[in-house]
Amino acid sequence: MGIENQAEKSLNLIRSRICNPNFIFKPLSDSPDSNYSKLKFIISSSITEACNNSILLLGPRGSGKVAVLELVLNDLLEQYPDTITVIRLNGLLHSEDNSAFKEIARQLCMEHNLLFSKMASFDDNSQFMIAMLRECGLAHKTIIFALDEFDLFAQGKQRLLYSLLDAMQSVTSQAVVVGVSCRLDADQLLEKRVRSRFSHRKLLFLPPSKEDVQRLLEHVLSLPMDSNLAHDYATGFNEKLQSILADERFKEIISTYLNSNPTVNHLLRFLFLAISHMELKSGFLSLENFKVALSSLQRQPKQECIKDCSILEIYILICMKRLEIKEQNSYNFISVMKEYKSIHDSFPTSDYYAQNVCLRAFEHLLQRELICFTENRGHGQSIEFRPVKLVISYAELQEGLKSYRSCPAILLKLIDR
Amino acid sequence: MGKVESPEITRRATRSSSSTAVTSNEVETAKITEPYKPTLNDFVFGGERLSFDDLLSSFPSRGNQIRELLRLLGPVNSPMLPLFIYGGPSTGKTSTILQIFRYLSRPFVYASCLTCYSPRILFESVLNQLLLHKKNAANRYSSAKHCDKPADFVNFLREDLVGVIENLKRSSKKLGSNKPAGRPNGNMLYLIFDNLELIREWDKSSSILPFMFNLYDFLKLQEVGLIFISNTSPDTYYSNMGYTEHVPVYFPEYTEEDLRQILTRNQENRKLYSSFLDVVLRPFCRTTRRVDELSTAFSALFRKYCESLSDLASVPNEEMKRRLFSHFQPHIAPSLNEVFWVPSKSSTEVEINKDTRRKGSVRKSQGCEHFAQIDFHLSTSAKYLLISAFLASRNPATLDASLFDSTGGSDSRKRKRKASEKSMEQKEAAEQELLMKGPGTFPLERLLAIFQCIISVADSFDEEEHENDVLRVEGDGGLMSDVLLQLSSLCNANFIIKGKSCPLEGSTRYRSTISEDLALKVARSLKFPLPNYLYRR
């Protein structure tokens, strides 16, 4: 019982660490040339010097751009509690100009204890924002705009970006715009009038190096010695962890996993799975946990789909494949049925079913998205006559059939030709 | 108005009735008389707590998935990355996850994108559940909050979630460690979104889908767990911008062995049923592996299997099995070719073999050609109308004149020419094109003209047969005023589809959906020489 209790506590601890980006990115950002230090320097200098600034954080999805920004903002809020207002927008939510201005007005009102009117028009809101910028500038307060998914704000007329950056041209205002995007060409998307007002400062977020990964693993997985966990349990856990981390097999697992996507969030998902598979009885991590996590994250959905198919569904897939090999550029259910019949005529088996049963199997394939309609229109036409195409490659189909349990020999023969 | 009977079925009740195990709803039903006061307990299943063994035994061959999900959900109050559960239809995704929450009795909110068919309804349904708001006559069936933009939804959701989690924390602190059943366990709240694949067909799918996938990052609340359930695998979402990967949990399709376990589970006489499954399961598994489809097919077949049996409770021995099999065997092959089975009322052996899925168009299966008769009633004029619709859909309109001249179309077969290789190729290509195009559309006037032609032809045939019969000569009598009525009833039966109106002419165009087999069968019942009129390239 004692061990299990301890194990559950440590499990909770590590899981909450994984779900907390602030914890994850803290150790990666203490070196002076890290993005964290650079960003902090830029923003804090524009706060102290009371000037305007704009900056882009670029990097692949899940590389911790927002997390680092949040770390910096939290630090600055502690450092200058009265002089900063942070406005957070997200391109996925506020890419419309109207809703963006509304959200800005709402957050400004919240910060400054003003009454926010839901009914305010677009014009009211944008004028309110400009007025607030001026007022804050006069009071030597900085407004920081954090725009996540920055590339989405560059869609359409870019009115939000223009009015923001234009207002920042005046001497009185005091604001920092931080754009976060996974598109490396995000600044190229801007209109000329916006681009000329934007300072082209960019911070690039790169995937962590091997040493960083090792440091991160230790940081996330090892238990603290000064917590309410039993001391000998924590030492035992950490010793076991050290031996796993030093293991060559473990390093191989990590490197195969990170080959597909080396970002930090991707690694965290792996750690989460591995931790969830920890045996509560023994209370320690084992190499096996990481292996299981790797196999359950590296999935091949198409192969799984083929394994799920019934024999008749595979027959239909093979008929379609044969039609494609014959270079028939478009085909529908009726022509697939013709092919099915011709296969049956040359190799009679018991697997010959009526058209309506085949149609049901055909619909199952559509649901599994192994096949799809070539065009979206033509809803008036019934399913049998709408042209379809395969969305699975020849190699995938072949491999899937080989691993299919009790696949009829005739099908293997048909696909190999 | 007087007494308004409000259907006060609580949320939990409707939900648990959809799952396999039946929850006892007595507690809820007792509360119907007095106005129901929603509490925090509404976030968990009422009734008795499920034990782990019950959970495992109610889902045969899902043990691995259940254990995996329990591991991922983790101990009480441990944060979680979003999960993505996927697998084919009727593999038990939804019911498994709901029963797991019943077993854990942790608070959760469930919303299916099938019933909530637009962003606004989805958002409001989640918010209503969080605020314990129930639509009823008193609030004029309105939602707690009006919200149709993702931006508003995030703000409301965060606000409400924080409130609910506060309450959960307070109540769990108050109760301490010993909790009665039906109380929320822990202060994590889980949001379950079912049928996620349907969002892709919504109008604003390109913005809603990335929003849903990134919901966890928007909320930034550790106490909220997100679970997405989808019929299609994660790779079908890749094309969407802003896609983020979640922890995948896969529910594979059941194997033959699993199916046997599941199907015998609720049977009274398991021995008898398993001897029945020995016969039917393997051949049926070759066509479909879905539990829902198999169980409906088997329920009727099993009745037939037991027909010759006097005592349903008897345990079958080898000899009896053999006897049952020989009695039952002729039914297997035809039933394999049936998709939908309707017991006919006409007490004959003939069953209507209908395919009512998708537009409910009726197709005759090729496998039962021995049913020469059509199995449903149609009036003679409706039959002629059906045939003329079929002809109008299949034949090119330019050929009508030559096919339906006064001699009755028999001379149209005289066009014989030696086919050169090139013309053969052309023929093939044309055939291919015809296959791709499917049945054509036609205006009402053309249908009526053909109808009139074939009726006069049929009358002339009749005259040849019984020359003395004076009464038969009715001329145009076949075209009566109720033809249009017949047409509309054929449309309603989906034999003929009413298409969109033609943009040039402005009149409605029709299209016949019946297969050639059915058309020939109808023609045979009328003794009408349909093949003479079919244009073959």
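Residues numbered from 1 in each chain as written. Chains lettered and ligands numbered in written order. Predicted model: local features only at pLDDT ≥ 70, side-chain atom pairs only at ≥ 80, totals over all residues. Heavy atoms only, no water.

Where an unreviewed UniProt entry is consulted, chain B appears under the name Origin recognition complex subunit 5, with the organism given as Dovyalis caffra. Of chain B, the UniProt comment under Subcellular location (unreviewed entry) reads exactly: "Nucleus". The UniProt entry for chain B carries the following text under Sequence similarities (unreviewed entry): "Belongs to the ORC5 family." (UniProt positions renumbered as here; feature names shortened; annotations may be inferred.)

Within an unreviewed UniProt entry, the label attached to chain A reads Origin of replication complex subunit 4, and the organism entered is Dovyalis caffra. You can read under Subcellular location (unreviewed entry) in the UniProt record for chain A the words "Nucleus".

Let us now look at the overall build of chain A. On a plain count of helices and strands, chain A comes out with 21 helices and seven strands. Sequence-distant contacts in chain A: of pairs separated by 6 or more residues, those separated by 24 or more amount to 71%. In the form shown here, chain A has an accessible surface area of approximately 18,600 Å², with 52% of it arising from carbon and sulfur atoms. (Helix = DSSP H or I, 4+ residues; strand = E, 2+ residues; numbered from the N terminus. Contact = heavy atoms within 4.5 Å. Areas by Shrake-Rupley, 256 points an atom, 1.4 Å probe, with all protein chains shown as cover.)

Within chain B one finds 20 helices and 10 strands. Counting over 537 residues, chain B shows a buried share of 50%. Intrachain contacts of chain B at a sequence separation of at least 6 include 72% that bridge at least 24 residues. Carbon and sulfur atoms form 52% of the exposed surface of chain B, whose accessible area is close to 27,500 Å². (Buried < 20%, exposed > 50% of the residue type's maximum accessible area, 1.4 Å probe, protein only.)

Residues and elements named next belong to chain B. Of all five residues in strand β2 (residues 108-112), five are buried, a share of seventy percent or more. Burial along β2 is two-sided: Phe 108, Tyr 110 and Ser 112 facing one way and Val 109 and Ala 111 facing the other are all buried. Across five bridges, the pairing between β2 and strand β3 (residues 189-194) is parallel. Opposite Phe 108, over in β3, you have Tyr 190 as the bridge partner. (Pairing = 2+ DSSP bridges.)

In this section: the packing of helix α10 (residues 256-265) of chain B against helix α11 (residues 270-285) of chain B. Residues and elements named next belong to chain B. Taken N-terminus to C-terminus, the directions of α10 and α11 make an angle of 140 degrees; their axes are 10 Å apart at the nearest point. Judged by the inter-axis angle, α10 sits oblique to α11. Crossing hand, α10 versus α11: right-handed. Here Glu 256, Leu 259, Arg 260, Leu 263, Thr 264 and Arg 265 of α10 lie close against α11, whose contacting residues are Arg 270, Tyr 273, Ser 274, Leu 277, Asp 278, Leu 281, Arg 282 and Cys 285. (Axes fitted to C-alpha atoms, helices over the stretch in contact; angles between N-to-C directions. Parallel < 35°, antiparallel > 145°, perpendicular 65-115°, else oblique. Left-handed = near helix turned anticlockwise from the far one by under 90°.)

Quick look at the pattern of salt bridges now. Considering all chains together, one arrives at 31 salt bridges over all chains under this definition. A salt bridge links Lys145(B) to Glu159(B), with the nearest nitrogen and oxygen atoms 3.5 Å apart. Taken together, the residues Lys145(B) in the loop between α6 (119-130) and α7 (150-175) and Glu159(B) in helix α7 connect sequence positions 14 residues apart. In this structure Lys145(B) comes out as buried when scored by relative accessible area, which is 19%. By relative accessible area, which is 51% here, Glu159(B) ends up exposed. Taken together, the shared-partner salt bridges connect Glu313(A), Arg368(A) and Glu253(B) into one network. (Salt bridge = Lys/Arg side-chain N within 4 Å of Asp/Glu carboxyl O.)

This part takes up the interface of chain A and chain B. Every contact between the two is made by 71 residues of chain A and, on the other side, 72 residues of chain B. Summed over both sides, the interface of chain A with chain B buries roughly 6,100 Å², with 52% coming from carbon and sulfur. By the criterion of area lost to chain B, the three top residues of chain A are Leu92(A), Asn356(A) and Arg360(A), representing 11% of everything that side buries. At the surface where chain A touches chain B, the tally comes to six salt bridges. Where chain A touches chain B, the interface holds 26 residue pairs in polar contact (both at pLDDT 80 or more). When residues in the side of chain A that touches chain B are grouped by element, the largest group, nine residues, is from helix α19 (residues 355-368) of chain A. For the side of chain A that touches chain B, the class distribution of residues is 26 nonpolar, 22 polar and 23 charged. (Buried area = accessible area lost by both parts, 1.4 Å probe. Polar contact = N/O pair within 3.5 Å; in protein donor to acceptor, adjacent residues only side chain to side chain. Nonpolar A, V, L, I, M, F, W, Y, C, P; charged D, E, K, R; others polar.)

Residues and elements named next belong to chain B. Judged by pairing direction, the sheet is parallel, and its five strands sit side by side in the order β2-β3-β4-β1-β5 without closing on themselves. The sheet is open, and its two borders are formed by β2 and β5 (247-251), each paired with just one other strand. Taken pair by pair, the neighbouring strands of this sheet meet at an average axis angle of 20 degrees, ignoring direction. Across four bridges, strand β1 (residues 83-87) lies against strand β4 (residues 224-230) in parallel orientation.

This part takes up helix α13 (residues 318-336) of chain B. Taking 1.5 Å of rise per residue, 19 residues should cover 27 Å, and α13(B) covers 25 Å from first to last C-alpha, within 8% of that figure. Its maximal kink placed at Phe328(B), α13(B) deviates by approximately 45 degrees, while the proline Pro330(B) follows within four residues. Within the span of α13(B), buried status applies to Met320(B), Leu324(B), Phe328(B), Ile332(B), Ser335(B) and Leu336(B). Buried residues along α13(B) sit in contact with α19 of chain A together with α11 and α12 (291-305) of chain B. (Expected span 1.5 Å × (residues − 1). Bend = angle between axes of the 7 residues up to and from the residue.)

Another aspect to go through is the sheet that holds strand β1 (residues 53-58) of chain A. Residues and elements named next belong to chain A. An order of β2-β3-β4-β1-β5 is seen for the five strands of this open sheet, with the pairing classed as parallel. Edge positions in the sheet fall to β2 (84-90) and β5 (201-204), since each has one partner strand and no second. Strand-to-strand twist of the sheet, defined as the mean angle between neighbouring strand axes without regard to direction, takes the value 20 degrees. Sitting on the sheet, helix α6 (residues 97-112) is in contact with β2 and β3 (142-148), with an inclination near 150 degrees to β2.

Bringing the packing of aromatic side chains into the picture now. Each aromatic ring pair is described using two quantities: the centre-to-centre distance and the angle formed by the ring planes. Residue and element names in this part refer to chain B. Under the counting rule described, the total for this entry stands at 37 aromatic pairs over all chains. Aromatic pair Tyr 86 and Tyr 250: ring centres 5.1 Å apart, planes at 35 degrees, arrangement tilted. Taken together, the residues Tyr 86 in strand β1 and Tyr 250 in strand β5 connect sequence positions 164 residues apart. Judged by relative accessible area, which is 12%, Tyr 250 ranks as buried. (Phe/Tyr/Trp six-rings, centres within 6.5 Å; stacked < 30°, edge-to-face > 60°.)

A cluster of nonpolar residues, Leu184(A), Leu204(A) and Leu206(A), forms a patch on the protein surface that exposes about 330 Å² of accessible area. Checked against the element boundaries, Leu204(A) lands in strand β5. (Patch = residues over 30% accessible without salt bridge, like charges linked within 9 Å, V, L, I, M, F, W, Y side chains within 5 Å.)

As a further point, take α12(B). Count 3.6 residues to each turn of an α-helix, and residues three or four apart come out pointing the same way. For α12(B), with 15 residues, the first-to-last C-alpha span of 20 Å sits near the 21 Å given by 1.5 Å per residue. Restricting attention to buried positions, one finds in α12(B) the residues Val291(B), Glu293(B), Leu294(B), Phe298(B), Ala300(B), Leu301(B), Phe302(B), Lys304(B) and Tyr305(B).

Glancing now at unusual backbone geometry. The phi dihedral of Asn77(B) falls on the positive side, at around 65 degrees, and the residue is not glycine. When you line up the elements, Asn77(B) lands in the loop between α4 (63-73) and β1.

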